[in-house]
Every structure is written in structure tokens, then in C-alpha cells.
Amino acid sequence: MLVGLCSAMVAGAVISCSTEKSADNPTSTSDKVMDSAITGQLDSIIDAAVNSTGIPGAMVGIWGPDGNYVKVAGVADTATKAPMETDFYHRIGSVTKTFTVTALLQLVDEGKIGLDDPISHYVDGVMEGDAISLRHLAGMRSGLVDYTTSEQFVMEYLSDPRRAYTPEELVGYVKDLPLQLRPGTTVDYSNTNTVLLGMVIEKVSGSRLSDVIDTKIATPLGMEHTSFPMTNAFPTPHAQGYTNQTLDESVTAATDWNPSWGGAAGAMISSLDDMRIWVPALAKGDLLTDDTQKQRLQTVNLSEGDDSSGYGLGLFNSGGWIGHNGSLPGYKTVSVYLPEKDTTLVVFINTDIDGETDLTSALMVPITKLISPDNVYG
């Protein structure tokens with residue numbers, strides 16, 4: 001059994017940001033309501049996903065020139081049948097990577113690090129650390145083994161899911177394992193990469209990663225409901241999150257499990273309203289210089305000969321939709337932006353159970369087929 005921060009990679013990368021630029025806060029844009037015919041079809045898609053696939057509850061937000069749409073369906077708690085609400089906090093899993101890599105790239109813009117610096121300059125003991133650059137880590141091309149594939153890690157985590165982990169402990173599970181591929185050759189998704197980048201940020205900045213993200217990303221953008229927890233603390237209100245990533249594969253609530261095992265790769269919490277701010281800011285380059293953004297946008301195809309999806313520096317591009325997906329026990333997320341339509345799409349569900357509850361096939365594909373038929377996510 002594998003514990004996953006990110007849903008099966010359905011896409012690749014893209015984008016950047018800059019404090020030199022002045023981004024429009026998406027919350028101040030038009031509150032035009034989407035056409036009733038489209039909203040009716042969207043309602044049907046979301047209701048069908050909840051009623052027929054086993055997804056307990058879903059939260060969906062769409063914002064763009066064709067109008068805005070926010071919908072909740074299903075339950076936040078399968079025992080009490082309490083409904084989902086639009087103001088819930090949500091564990092966003094690997095969407096955290098977009099924040100961590102942005103913080104790294106801000107240090108590049110400040111001249112404090114170089115993307116082609118080897119990780120050995122900052123962290124000792126990384127396998128072939130002299131050959132692995134920060135760019136390789138941010139672009140998922142280091143070849144380092146993902147610690148979430150370690151049998152020891154999985155057993156220890158599932159035996160005590162409220163345990164706290166340090167970044168050093170996480171990297172330690174795979175530090176002696178040989179590389180899976182030569183650095184820089186191809187995309188090979190590994191949470192180890194982003195945990196190491198978090199360590200670099202903390203060493204260079206002299207501050208905790210959570211504080212860096214708050215002061216340099218969340219606060220400047222006015223994201224008041226986004227946080228990087230150091231414990232299993234979970235602001236209210238929130239939905240219960242359901243998983244079968246247990247020792248006996250039974251379904252249980254993972255709501256208060258400690259996300260520190262995800263760290264810089266997947267521990268963060270946010271909301272629909274804050275994701276509405278973050279994704280277009282991320283995609284339009286509101287926190288980085290133009291040159292750094294250009295480098296971030298350079299994607300590598302996820303499969304040979306297929307340029308419909310690719311991974312850049314901490315971001316992916318799937319059918320033209322830019323952003324990231326995320327999954328950790330109890331919760332799944334997709335937060336993406338489509339430049340061609342200036343449209344943001346965010347989907348939260350309160351389960352990570354694979355199979356019939358797959359977020360991509362149940363919601364992302366049918367939604368994007370409807371609102372952007374030339375740009376289908378997946």
C-alpha cells in the first residue's frame with residue numbers, strides 16, 4: 001500500500017510569480033453569475049459524481065469572464081449527514097508544492113540561490129547530491145526515490161498517523177537508495193524532491209517554511225485562510241475526510257491525522273476563496289520576475305511524444321490548465337487556471353479512496369469538457 005500526496009499524475013507543469021507586479025485580486029473581479037443552462041449542467045455533473053461514485057462530498061468553484069459558479073454537494077460527515085459548505089477549510093495535499101517552489105524561486109530572484117546550484121551545497125547526505133540541482137528537484141527530474149514508496153515509512157505512518165515527522169526523518173527513509181534515473185533526464189514524481197527544497201528554503205532564509213510562505217506569499221495576496229500547519233491542527237469549519245489507507249484497508253476518518261509526513265510537499269490547508277486568489281496569481285506570475293517565470297514555464301512532457309501535459313517547476317499543465325493536484329488521506333484537490341479563458345477551476349472532495357471516487361474522471365473531465373471543450377483536463 002502506498003501513501004500518496006498527489007493523485008496519479010494527470011498533468012505537468014507551468015508558471016511563475018513576482019512581487020514586482022501588481023496582481024488584481026480575483027475576489028474583486030466581476031461577480032457575474034454563469035449562464036443558467038451551463039449551471040444546470042454543472043449541477044448535474046457534480047450531483048452525479050456524489051450520488052453515483054461514492055464521493056461523500058464535493059466543493060467546486062469556477063470563476064471567469066463567462067461568469068462565476070460555486071457549488072457544494074453531498075455530506076461533510078457521513079455519520080451526521082451534515083452538508084458540505086462553501087467556507088470549509090480543506091487539506092490541499094500536493095498543491096503545497098506550488099507554494100514551496102514559489103518560495104524557492106523568490107530566493108532565486110533575491111539572488112540568494114541559483115536554480116542550477118547542486119543540492120549538496122545546502123543539504124548533506126543526498127544521494128549523488130553534487131549531480132542534482134535545485135532545478136532538477138523543482139522539476140521532478142532528480143531521480144531520487146520517493147520516500148512515500150518506502151515500505152518502512154508506510155508501515156510506520158499507518159501504525160501511528162498522528163505522529164509528527166521532521167524533513168530530515170522523511171528524507172532519511174530513502175537517503176541510501178540509488179537514483180531511479182539520471183538527473184535531468186525525465187520527469188519522475190517524487191515527494192522527496194520538494195521536502196529537500198523546503199530544507200533549502202529554511203536554511204537560506206533562516207526562517208521556518210511555514211513563516212516564509214505566510215509572509216511572502218499568503219499575506220501579500222490576502223489569503224487569510226491558507227496555512228502550513230506544524231501539527232494535526234485543522235481550523236474549523238471543515239469536512240471529515242475519509243480514507244482506506246489503513247493497515248487493514250478499512251475505511252476510516254483521517255481528519256485529524258498529522259500532515260507533517262507531507263511537509264513541504266503536501267501539508268498545507270486552504271479554502272475555495274483562497275484558491276480562487278492563488279491559482280491565477282500563480283499562473284500569471286504575480287510573485288516572481290519575468291525571467292524566473294519564463295524558466296518555470298518550461299515544461300517537460302510526462303510521456304514521450306505527448307505534449308498535452310507536462311511538468312515545469314512545481315507546476316503542471318494538463319490540456320492547457322495550469323496548476324496542481326493534491327491527495328493525502330481523506331482529501332483530494334485540483335486547483336488550476338486556463339489562460340485561454342482567464343478561468344479558474346478548483347475542486348475539493350473529502351475522500352482519497354481510489355477507484356470509483358477518482359476526482360479526475362468523476363469531476364474534472366466532465367466539467368472541463370463542458371466549460372472548455374478545447375481544453376480538457378486529464
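Cut-offs used in this document
Once a new chain begins, its residue numbering starts again from 1 and follows that chain's sequence as written. Totals for whole chains, interfaces and linings use every residue, but because this is a predicted model, local features are given only for residues with pLDDT of at least 70 and side-chain atom pairs only at 80 or more, for both listing and counting. By convention in this description, side-chain values take in all heavy atoms of the structure and omit both hydrogens and water. Numbering of helices and strands starts at the N terminus; helices are DSSP runs of H or I of at least 4 residues and strands are runs of E of at least 2. Burial status follows relative accessibility: with a 1.4 Å probe on protein chains alone, a residue under 20% of its type maximum counts as buried, one over 50% as exposed, and anything between as partly exposed. Positive charges come from Lys and Arg, negative ones from Asp and Glu, while His and the chain ends are left out of the count. Every case where a carboxyl oxygen of Asp or Glu lies within 4 Å of a side-chain nitrogen of Lys or Arg is listed as a salt bridge. Polar contacts, as used here, are pairs of N or O atoms within 3.5 Å; protein pairs need one atom able to donate a hydrogen and one able to accept it. Residues neighboring in sequence count only if both atoms are side-chain atoms. Criterion used throughout: strands pair if DSSP finds at least two bridges between them. Only Phe, Tyr and Trp rings are paired, with Trp represented by its six-membered ring, and only when their centres lie within 6.5 Å; those with planes under 30 degrees apart are stacked, over 60 edge-to-face, the remainder tilted.

**Q** Would you mind showing me how to read the side chain of lysine 97 here?
**A** On the secondary structure map, lysine 97 appears in helix α2 (residues 96-109). One buried charged residue, lysine 97, remains without a salt bridge, the closest side chain of opposite sign being aspartate 146 at 7.2 Å. A polar atom in the side chain of lysine 97 sits 3.0 Å from the side chain of tyrosine 189.

**Q** Quick question: what am I supposed to make of the pairing of strand β8 (residues 306-311) here?
**A** Each regular strand displays side chains that alternate between the two surfaces of the sheet. Pairing of strand β7 (residues 300-303) with β8, which is carried by three bridges, proceeds in the antiparallel orientation. Its bridge partner lying in β8, asparagine 301 is registered against glycine 310. As paired strands, β8 and strand β9 (residues 316-318) are joined by three bridges and run antiparallel to one another. Paired with glycine 310 across the two strands is asparagine 317, which belongs to β9. Between the antiparallel neighbours β8 and β9 lie four residues, among them glycine 314 with a positive phi of about 75°.

**Q** I keep staring at the packing of aromatic side chains and nothing clicks. Help me out?
**A** Think of a pair of aromatic rings as described by two things: how far the centres are apart, and how the planes are tilted against each other in angle. Inspection of the entire model under this criterion finds 11 aromatic pairs. Aromatic side chains phenylalanine 153 and tyrosine 173 sit 5.3 Å apart centroid to centroid with 75° between the ring planes, which places their arrangement in the edge-to-face category. Residue phenylalanine 153 is found in helix α4 (residues 151-159), and its partner tyrosine 173 is found in the loop between α5 (167-172) and α6 (191-205); the two are separated by 20 residues along the sequence. Relative accessible area serves as the criterion here: at 13%, tyrosine 173 is assigned to the buried category. Consider the rings of tyrosine 157 and tryptophan 257, whose centres lie 6.0 Å apart with planes at 80°: the pair is edge-to-face. Taken together, the residues tyrosine 157 in helix α4 and tryptophan 257 in the loop between β5 (252-253) and β6 (269-271) connect sequence positions 100 residues apart. A single burial state applies to tyrosine 157 and to tryptophan 257, both of which are buried. Cluster of aromatic residues (ring-pair linked, three or more members): Tyr147, Phe153, Tyr157, Tyr165, Tyr173, Trp257 and Trp261.

**Q** What is the right way to look at unusual backbone geometry in this model?
**A** Comment: phi is negative for the bulk of residues other than glycine, and the bulk of peptide bonds are trans. With an omega of 5°, the peptide bond between threonine 236 and proline 237 qualifies as cis. Considering the arrangement of structural elements, one finds proline 237 in the loop between α7 (209-221) and β4 (242-243). You will see that methionine 140, though not glycine, has its phi angle at about 60°, which is positive. Inspection of the secondary structure puts methionine 140 in the loop between α3 (134-138) and α4. Positive phi values are uncommon outside glycine, yet aspartate 342 reaches one of about 45°. If you trace the backbone, aspartate 342 turns up in the loop between β11 (331-338) and β12 (343-349). Residue class for aspartate 342 comes out partly exposed when judged on its relative accessible area of 37%.

**Q** Which parts of the structure should I look at to understand the pattern of salt bridges?
**A** Two side chains bearing opposite charge may form a pair once their charged atoms approach each other closely. All told, the structure shown has 14 salt bridges when counted by the stated rule. In this structure, aspartate 116 and arginine 135 form a salt bridge, with 2.9 Å as the shortest nitrogen-oxygen distance. One end of the pair, aspartate 116, is in the loop between α2 and α3; the other, arginine 135, is in helix α3, and 19 residues separate them in sequence. A salt bridge links arginine 208 to aspartate 211; the nearest nitrogen and oxygen atoms lie 3.5 Å apart. One salt-bridge network, held together by shared partners, links Asp43, Asp47 and Lys71.

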